[in-house]
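# Secondary and tertiary structure notes
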Amino acid sequence: MKTLKEAKVGETVTVSKLHGDGPVRRRIMDMGITKGTEIFVRKVAPLGDPVQVNIRGYELSLRKADAEMIEVQ
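These lines cover the structure that appears in this document, whether it is placed above or below. (Residues numbered from 1 in each chain as written. Predicted model: local features only at pLDDT ≥ 70, side-chain atom pairs only at ≥ 80, totals over all residues. Heavy atoms only, no water.)

A few words on unusual backbone geometry. Not every positive phi belongs to a glycine, and Arg 56 is a case in point at roughly 50 degrees. Counting through the fold element by element, Arg 56 comes out in the loop between strand S4 (51-55) and strand S5 (58-62). With relative accessibility at 54%, the residue Arg 56 sits in the exposed group. (Helix = DSSP H or I, 4+ residues; strand = E, 2+ residues; numbered from the N terminus. Buried < 20%, exposed > 50% of the residue type's maximum accessible area, 1.4 Å probe, protein only.)

This is how it looks when you write it as structure tokens:
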């Protein structure tokens, strides 16, 4: 199992599963991160938080804790 947090800069990954429950999972889905969506990892801050990604044609910054809930291939 690989999470979005573990993806390298410049890598394009596909969402395979979302973890988390209730409002947290709903918030991630509201950002456009759903199963089968391709995510391009653009930048990672020096301390690893946040992670900047391109998804569905827009840029998004995610906290490390949120990136750990997104399982990718």
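What follows picks up the thread again.
Examined against the element boundaries, Met 1 turns out to sit in the segment before strand S1 (2-3). Considered as a pair, Met 1 and Val 15 are 14 residues apart in the sequence and their alpha carbons are 11 Å apart. Every residue in contact with Met 1, bar those within four places of it in the chain, is listed here: Glu 6, His 19 and Glu 71. (Contact = heavy atoms within 4.5 Å.)

Moving on, we come to the nonpolar core. Counting 18 residues, the largest nonpolar core has Leu 4, Ile 33, Ile 39, Val 53, Leu 60, Leu 62 and Ile 70 as its most contacted members. Beyond its immediate stretch of four places on either side in the chain, Ile 33 contacts Val 15, Leu 18, Ile 28, Ile 39, Ile 55, Leu 60, Leu 62 and Ile 70. (Core = buried A, V, L, I, M, F, W, Y, C linked by side-chain atoms within 4.5 Å.)

Under the definition given, this model contains six salt bridges. A salt bridge links Glu 11 to Lys 2; the nearest nitrogen and oxygen atoms lie 2.6 Å apart. A relative accessible area of 27% places Lys 2 in the partly exposed class. Residues Lys 5 and Glu 68 are paired through a salt bridge, measuring 3.2 Å at the closest nitrogen-oxygen approach. Of this pair, Lys 5 sits in the loop between S1 and strand S2 (12-18) while Glu 68 is found in the loop between helix H2 (64-67) and strand S6 (70-72), placing the two residues 63 residues apart along the sequence. Here the salt bridges share partners, and the residues they tie into one network are Arg 27, Arg 63 and Asp 66. (Salt bridge = Lys/Arg side-chain N within 4 Å of Asp/Glu carboxyl O.)

Here the focus is the sheet that holds S1. Pairing between the strands of a sheet comes from backbone hydrogen bonds, and it takes one of two forms, parallel or antiparallel. Reading across the sheet, the six strands line up as S1-S6-S2-S3-S4-S5 and stay open at both edges, with antiparallel pairing between neighbours. Only two strands of the sheet have a single neighbouring strand rather than two, namely S1 and S5. Bridge count between strand S3 (residues 38-44) and S4: five bridges; the pairing is antiparallel. Note on S4: the bridge partner recorded for Lys 43 is Gln 52. (Pairing = 2+ DSSP bridges.)

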